[in-house]
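# Structural features, examined
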Amino acid sequence: MKRLMVVLLAVVGLVAAGALAADEGPIKIGVVLPMSPPGAYASGNPMWWAVLQAVEEVNEAGGIFGREVVAILGDTRGVPEEARAATERLITKDKVVGVIGNYHSSCALAELDLFKEYHIPYIGAEPWADDVTAKGYDEVFRISITNSMYTDISVAWMVAAGFKRIAAVHEITDYALGLEKKLTAAWNEAGMDNQIAFCDIKTEDFTPTLIQFMQWDPPADMFFGDITGPGSYLLVKQAYDIGFAPSPDTVFYATNACLNPEVWEVAGEAAKYIVVTQIGLPPSAYTEVTNRENEKFEKAYGRLMNATVMEGYDSFMLMCEAIKFAGSTYPDAIIDALEVMEWTGMRGTYSFPYGSNNPVPEDQPDYMWHQWPDVSEYLFQYTEVGQSPEDGTVIWPPVFSELPEGQYFIPVPEE
Amino acid sequence: MYNAEYFLMQGANGLVIGFLYALMALGLTLIFSVLKVINFAHGEFYMIGGYISYFLITVVGGVNPFLGIIFAMVVLLVIGSLFEVSFLRPMHLGSVERPAEYAILVTFGLSFFLQNLVLGLAGPFPHRTPSFMSGGIKIGYMTLSADRLIAAGLAIFLMVGLLLFMSKTWIGKAMRAVSQDKDAASVTGINPLWMNNIAFAIGASLAGAAGALIAPIFSFYPDVGVLPSLRAFIIVVLGGMGSVKGAIIGGIVIGLVESMGIALIPDMSRALAYRELYGLMIFALVLLFRPRGLFGEAQ
């Protein structure tokens, strides 16, 4: 019996020593992003650069609890199966204490069960599908907008602007199909006629469908182009080339892919007067962190962060702040911290009011669970060729708008 | 209701795109006919053609976009030749045990390598070369993009050039001889290894030309070649494996079928989504009734 006790004590001692040793190593945070084809690597890469900027800052400030912070990348390639495998590897092999990231909703949805199974806190950076937080998992938080929130804000502008006939192209992805359902329902409810087309995310030639839209009589007064990849710029160019939109008859409403400077290289003057959504604060409301980090990022990478890239920085910093607030890397402590803390990042002050301490009220949708409710979305119009989003004219919401409510610029027809 | 103008516009758009598809497929079929190898990196040669033209025009600056195409073709000619000598020649020298599997693996490997190399070197963002000519060109009561028309015209020029090269020059005839019977060709003094090298280099160069021609019309990025390459495989099989004429006709057929398929499907929500399906349906029908393709020869 005595020998057994000695053996047990030795085992306990070894486990404790192991745990202590682990506690003395770097704090590892997993980052899941699409970094290579076929995913949206043009968004994943700059998000990763923003994470690296955050890592550098945290470590320059002494790390967390004096320990170095390390970001470990899992390349999802935008493929749900690979996203799940990358996440499982981060959790089981790399022993990360938390995970942040995702651009594709389909990838985030494929990973959710792993966060629950391994009880690892996760902060979603850019997955918009309502279901990501609607599942109500203790471990899952989100700082991006949801499809429903986006629909509410966008359709409010469309109603204020008085649109009656809407043509739309949606890519076939989990995000876009979810958004299409919400938008079409909202358009129908608002009495707006609509024609919808779907396409593969890799589509490059939209001309046949745009010619079809042009046969609509009277013409569409708004064209909604819901493409997130490089096709988004081509859609702008091709719609303009055939005289569809932006035109005196038809406004072009583009997704936030058109925030990138490449829109000018690919679409050129066609992008002048397109309406674009920015899921973040308008320049007039930038925080101190927004200005500081943007400046640093521009110096390093020659471009400003768009709202999606800011989400990479913010989600990583938020995880670090939660660990600091918790005083521990234990999952329960981090989750508890995220539920009660507030932190101001590049896109505003983050908080998650609905969680285990304060369940989602009945009058609020399910996706509000662990969802940052104050996501800012504004609409602006490019008014000059080569303009940066920061210099565009904000047209919605009224609190930020530089034009009278519901008004926007209409291109002057060429002589 | 749609009118005649609508169908003419859709048809013209399909025809123009079809010529570009055909140029892409032509290189693939040439490589197959001579080397009996399916080049899975063909889409990446197309992608590199776009990047080379872009860097010459925008980074070097002041270069005519047409020169960008010629430069892309020359660089791809060299890359194709070097790749063939380094990786495919051992297969033809008999130093590889399972040549068919080897060819698939080595060209697949090249495809992944090139995608990731370009991603690392050129970055993740899409680019587009400046227009050959901005605006549209009015033909009757249709307005077609000037860039598309110029690209289609140049594609026709290159295809005619290749046909003439294959039928009028000694090297062209020698390549055709090797494609028909390698052993018989070597008896007449033709070196099949050289013909393999020339065919692969020209095939890669044609893919590069297609990429450079399309660069002002569509954007290009590291994995831009995946879909065009898949479409080129369909065209090559549709036209008949190894048939130059088949690749040209097949490209035009696929371009027209895709465009008119979208135009004719009454349900707009599905018309564009099923774009690739229209071509695949024609492909399946041709294979059903003529398994060797439109212009393929019986083995």
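Residues numbered from 1 in each chain as written. Chains lettered and ligands numbered in written order. Predicted model: local features only at pLDDT ≥ 70, side-chain atom pairs only at ≥ 80, totals over all residues.

Below, the discussion takes up the overall build of chain B. When helices and strands are tallied, chain B shows 12 helices and 2 strands. Against the globule reference of 19 Å for 299 residues, chain B gives a C-alpha radius of gyration of 19 Å, in line with a compact fold. Principal-axis analysis of the C-alpha atoms places the extent of chain B at approximately 60 × 50 × 35 Å. Burial statistics for chain B: of 299 residues in total, 55% are counted as buried. (Helix = DSSP H or I, 4+ residues; strand = E, 2+ residues; numbered from the N terminus. Rg over C-alpha atoms; globule rule 2.2 N^0.38 Å. Buried ≥ 20, exposed ≤ 12 C-beta atoms within 10 Å, placed from the backbone.)

With that settled, the discussion passes to the packing of helix α2 (residues 41-60) of chain A against helix α11 (residues 288-301) of chain A. Residues and elements named next belong to chain A. In contact at an axis separation of 11 Å, α2 and α11 are set at 115 degrees when each is read in the N-to-C sense. As far as their axial angle goes, α11 and α2 are roughly perpendicular. Crossing handedness for the pair α2 and α11: right-handed. Mapping the contact onto sequence places W49, A50 and Q53 in α2 and E293, K296, F297 and Y301 in α11. Of the residues that constitute the contact of α2 with α11, the class distribution is 4 nonpolar, 1 polar and 2 charged. (Axes fitted to C-alpha atoms, helices over the stretch in contact; angles between N-to-C directions. Parallel < 35°, antiparallel > 145°, perpendicular 65-115°, else oblique. Left-handed = near helix turned anticlockwise from the far one by under 90°. Contact = placed C-beta atoms within 7 Å. Nonpolar A, V, L, I, M, F, W, Y, C, P; charged D, E, K, R; others polar.)

A few words on the pairing of strand β10 (residues 275-278) of chain A. All names here are of chain A. The alternating pattern of β10 places V275 and T277 on one face and V276 and Q278 on the opposite face, and all of these are buried. As judged from the 2 bridges shared by strand β9 (residues 251-254) and β10, these two strands associate in the parallel manner. The residue bridging A254 from the neighbouring strand is V276, located in β10. Across 4 bridges, the pairing between β10 and strand β13 (residues 378-381) is antiparallel. The partner of V275 across the bridge, within β13, is Q381. (Pairing = 2+ DSSP bridges.)

Time to look at the sheet that holds β10 of chain A. Residue and element names in this part refer to chain A. Spatial ordering of the open sheet is given by β7-β6-β8-β9-β10-β13-β14, a layout of 7 strands whose pairing is mixed. The open sheet has two edge strands, β7 (193-199) and β14 (393-396), and neither has a second partner. Neighbour to neighbour, the strand axes of the sheet diverge by 25 degrees on average, direction disregarded.

Grouped together as the largest cluster of nonpolar side chains are 237 residues, with contacts concentrated most on F223, V236 and F316 of chain A together with L20 and L23 of chain B. At 18 residues, the largest contribution of residues to this core is made by helix α1 (residues 4-35) of chain B. In contact with V236 of chain A, other than residues within four places in its own chain, are G225, F252, A254, C258, V263, A267, A270, A271 and I274 of chain A. (Core = buried A, V, L, I, M, F, W, Y, C linked by C-beta atoms within 7 Å.)

A few words on the environment of G30 of chain A. All names here are of chain A. As for its placement among the helices and strands, G30 is situated in strand β1 (residues 27-33). For G30, a count of 25 C-beta atoms within 10 Å translates into the label buried. The residues contacting G30, other than those within four sequence positions of it, are I72, G74, L90, D94, V96 and V99.

Strand pairing in a sheet relies on backbone hydrogen bonds. The paired strands run either parallel or antiparallel. Residue and element names in this part refer to chain A. On the basis of which strands lie adjacent, the open sheet formed by 5 strands has the order β2-β1-β3-β4-β5 and parallel pairing. Of all strands in the sheet, those with a lone pairing partner are β2 (69-75) and β5 (140-142), marking the two edges. Neighbour-to-neighbour, the strand axes of this sheet turn through a mean angle of 25 degrees, independent of strand direction. As paired elements, β1 and strand β3 (residues 98-101) share 4 bridges and run parallel to each other.

How large an interface is tends to be reported as the accessible area lost when its parts come together. Facing the 31 residues of chain A at the interface are 30 residues of chain B. For the side of chain A that touches chain B, the secondary structure elements donating two or more residues are α2, β7, α8 (207-214), α9 (231-241) and α10 (262-267) of chain A. Its residues assigned to classes, the side of chain A that touches chain B shows 15 nonpolar, 9 polar and 7 charged.

Interpretation note: all reported values are geometric properties and have no functional meaning in isolation.
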